[in-house]
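Close look at the chain arrangement
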Amino acid sequence: MKKILFASSETHPLIKTGGLADVAGSLPAALSELGQDIRIIMPNYQAIKHQQPSRQLGSIMVNNCEVQLLETVLPDTNVTVWLVDYPPFFDFPGNPYVDANGEAWPDIADRFALFCRIVTEVAMNRVDLDWQPDVVHCNDWQTGLVPALLSLETQRPETVFTIHNMAYQGTFDRDTYVQLNLPGQLWHPEGLEYHGMMSFIKGGLAFADRITTVSPTYALEIQTAEFGYGLEGLLSYRQDKLTGIINGIDTAIWNPATDASLPQTYSASKLADKQSNKTALQQRMSLPVDEKIPLFGLIGRLVEQKGIDLVLSCLAEMVEMPLQFVLLGSGDKAYEQQLQGFASQYPDKIAINIGYNESLAHQIEAGVDVFLMPSRFEPCGLNQMYSQRYGTLPIVRKTGGLADTVIDALPHTLNTATGIVFNDANPSALMEAIKRSLVLFDNKTHWKKIQRNAMAKDFSWQNSANQYLALYQQL
Ligand code: ADP
Ligand code: GLC
């Protein structure tokens, strides 16, 4: 049995902005089911503080800040969560990265540097918990300083750093480094320095004993300039320590047969019941109720990564076709406005919901026929897996985890196909994929066969949690 400290800036259902929370909320539970002693550690944000009962464990003084450590349990699991409670940094509305108006927290470097110091103290068993992990598993830049700080310790636990997204690196100026009062011996080009700036993510990439990312394809992609965002050299230098392990999904939360958010549950053997979800979604989104019209959906952060610009470029042509489109998301204001512009111009075809809504996300996965995910890059992606499990066929671009989880429908793949895959990140390639999906949708026998292929795929954590365990055991 391994003792694992799992550090993350977000964990579903305590707080979530994206897929990292889904992973942090389900991988530890899967490892716990495999008999491992795993504890999650994360900041005690206001949204958690005022909802989740917790008990006080102790207090720690780091860098002149007195921080409390609280304990709670991850809802619906037996996984312990340690909450780093420091109100001057975390007791605010908004999410872990931006305030209620969507502006990045100006002191975000201070916040996550403090978090990393606390994770380090806990990892070194210096908080009177009488528990020292064998492995500290860090996730994304917000935890990047942990492997760096631990590298200065003797008798330290092993470190694993998982990259969920290379586009976010936590880069700040040199003055921030000085003001954070970080050890001078970490400031060098092989350390936290990055072209004269400080980089949180480099702490993970340069110092962790093992690096993982969330799909095998993305593990290769990030070693190239297109996806490595300047750190491709370091990643290929460390390639013998770098592996790709595909994410699993929480098959209890994302299960069309039991999903409490759905007007009508269904399964592969009762596929006809999926239809009621489509009708209810059309009603909810004020679109004409039409059983036969193909309904497309998209859920996600409205940022360049997700290929929203490609969708926008296709919409003018899509509204001329026999289809409807619903979108749930928030992000770049320019995208939000352009999407809303289309919706007000074509209210019978396009419905846009700007915001964050967990139950609507479930209803869209169940109610639409086709899910659009034309990402420019996608480390893993979860929605394409949720879609397949809900018998909703994804259209994805062949990149990262999308390439690893969707099998393209071609004449010779009828027995294995689960969606539609296209190559190039341009509007005409996406448009061609949309047209392919319309042709396929008209062939009900083939469509149902592919739906069933998709629903039969095993996206549970079982396999991937075992791969993480094997990695911890190698250390
Ligand atoms: P990323 O982490 O890059 O945002 P993923 O596909 O890995 O992408 O995960 C996104 C997660 O966030 C999914 O669970 C998705 O359903 C959820 N999500 C994204 N935007 C919204 C939204 N506006 N409302 C509800 N859920 C959302
Ligand atoms: C990131 C990636 C996404 C991945 C998620 C969880 O946010 O953008 O592709 O699924 O992390 O690993």
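Scroll up to find the structure this text is about.
Below is a short write-up of the structure. The numbers attached to residues start from 1 for each chain and follow its sequence in the written order. Going through the entries in the order they are written, you letter the chains from A and number the ligands from 1. Where totals are concerned, whole chains, interfaces and linings use all residues; where local detail is concerned, this predicted model gives features only for residues with pLDDT of at least 70, and gives and counts side-chain atom pairs only at 80 or more. By convention in this description, side-chain values take in all heavy atoms of the structure and omit both hydrogens and water.

**Details of unusual backbone geometry**
Residues His12 and Pro13 are joined by a peptide bond in cis, for which omega reads 5 degrees. Secondary structure elements are taken from DSSP: a helix is a run of H or I of four residues or more, a strand is a run of E of two residues or more, and numbering for both begins at the N terminus. Structurally, Pro13 can be placed in the loop between strand E1 (3–7) and helix H1 (19–33). With a phi angle near 55 degrees, Gln155 is a residue other than glycine that sits in the positive phi range. Examined against the element boundaries, Gln155 turns out to sit in the loop between helix H5 (145–150) and strand E7 (158–163).

**A short note on the site of ligand 2**
Residues are classed as near a molecule or strand on a simple rule: at least one heavy atom within 4 Å of it. If you check the shell around ligand 2, you find 14 residues, and the closest are His164, Asn247, Glu378, Cys380 and Gly381. Between Gln305 and ligand 2, the recorded distance is 3.0 Å, taken from a side-chain N or O atom to an oxygen atom. Residue Pro379 places a main-chain N or O atom 3.5 Å away from an oxygen atom belonging to ligand 2. Taking 310 Å² as the accessible area of ligand 2 by itself, protein coverage stands at 93%. Tallying contributions element by element places H1 first for the shell around ligand 2, with three residues. Both domains that meet at the shell around ligand 2, namely domain 1 (3–248 + 462–474) and domain 2 (268–455), each give it at least three residues. Throughout this description, a polar contact denotes any pair of N or O atoms lying within 3.5 Å of each other; where both atoms belong to protein, one of them has to be capable of donating a hydrogen while the other can accept it, and for residues adjacent in sequence the pair is counted only when both atoms sit in side chains. Accessibility throughout is a Shrake-Rupley quantity obtained with a 1.4 Å probe, and a residue counts as covered only by protein chains that appear here. An automatic or database domain assignment supplies the residue ranges for each domain.

**Quick look at the packing of H1 against helix H19 (residues 462–474)**
Close contact between H1 and H19 brings their axes to 9 Å; oriented N to C, the two are set at 70 degrees. Relative to H19, the element H1 is oriented roughly perpendicular. Here Leu27, Ala30 and Leu31 of H1 come into contact with H19, specifically with Ala465, Tyr468, Leu469 and Tyr472. In this classification, the charged set is Asp, Glu, Lys and Arg, the nonpolar set is Ala, Val, Leu, Ile, Met, Phe, Trp, Tyr, Cys and Pro, and all remaining amino acids, among them Gly, are polar. Per-class residue counts for the contact of H1 with H19 are seven nonpolar, no polar and no charged. Every axis corresponds to a line fitted to the C-alpha atoms, with the helix fit spanning only the stretch in contact, and the corresponding angles, defined between N-to-C directions, vary from 0 to 180 degrees. Reported orientations rely on four angle classes, namely roughly parallel under 35 degrees, roughly antiparallel over 145, roughly perpendicular from 65 to 115, and oblique for the rest. Pairs of residues are marked as contacts when any of their non-hydrogen atoms sit within 4.5 Å.

**Thoughts on helix H7 (residues 200–207)**
Counting buried positions along H7 gives seven out of eight residues, so the element sits mostly inside the fold. Where H7 is concerned, the buried positions are Phe200, Ile201, Lys202, Gly203, Gly204, Leu205 and Phe207. Regarding H7, its N-cap is Ser199, as a side-chain oxygen of that residue lies 3.2 Å from the backbone nitrogen of Lys202 further along. Only protein chains enter the accessibility calculation, which uses a 1.4 Å probe. A residue is then buried if its area is under 20% of the maximum for its type, exposed if over 50%, and partly exposed in between.

**Describing the sheet that holds strand E16 (residues 370–373)**
A strand pair is defined by DSSP finding two or more bridges across the two strands. On the basis of which strands lie adjacent, the open sheet formed by six strands has the order E15-E14-E13-E16-E17-E18 and parallel pairing. Among the strands making up the open sheet, the edge pair consists of strand E15 (350–354) and strand E18 (420–422). Looking at each pair of strands side by side, their axes are set apart by 15 degrees on average, direction ignored. Note that strand E14 (residues 324–331) and E15 share five bridges and pair parallel. The residue of E15 that forms the bridge with Leu327 is Ile352.

**Concerning a positive patch on the surface**
By definition, no residue in a patch forms a salt bridge, and every one has over 30% relative accessible area; like charges are joined within 9 Å, nonpolar side chains (Val, Leu, Ile, Met, Phe, Trp, Tyr) within 5 Å. Any Lys or Arg side-chain nitrogen found within 4 Å of a carboxyl oxygen on Asp or Glu counts as a salt bridge. We score Asp and Glu as negative and Lys and Arg as positive, and we do not count His or the chain ends. By convention, the charge on Lys lies at NZ, on Arg at CZ, on Asp at CG and on Glu at CD. There is a patch of like positive charges on the surface, built from Lys444, Lys448, Lys449 and Arg452. Assignment of secondary structure puts Arg452 in helix H18 (residues 444–456). By relative accessible area, Arg452 is classed as partly exposed at 39%.

**With respect to the nonpolar core**
Ile41 and Leu69 are the most contacted members of the largest nonpolar core, which totals 93 residues. For this core, the element with the most residues is helix H4 (residues 108–123), which contributes 11 residues. Dropping the residues within four chain positions of it, Ile41 is found in contact with Leu5, Phe6, Ala7, Ser8, Leu69, Trp82, Val84, Phe115, Val119 and Val122. Residues enter a nonpolar core if they are buried and are Ala, Val, Leu, Ile, Met, Phe, Trp, Tyr or Cys, with the set joined through side-chain atoms within 4.5 Å. Grouped together as the second largest cluster of nonpolar side chains are 40 residues, Leu310, Ala409, Leu440 and Ala454 included.

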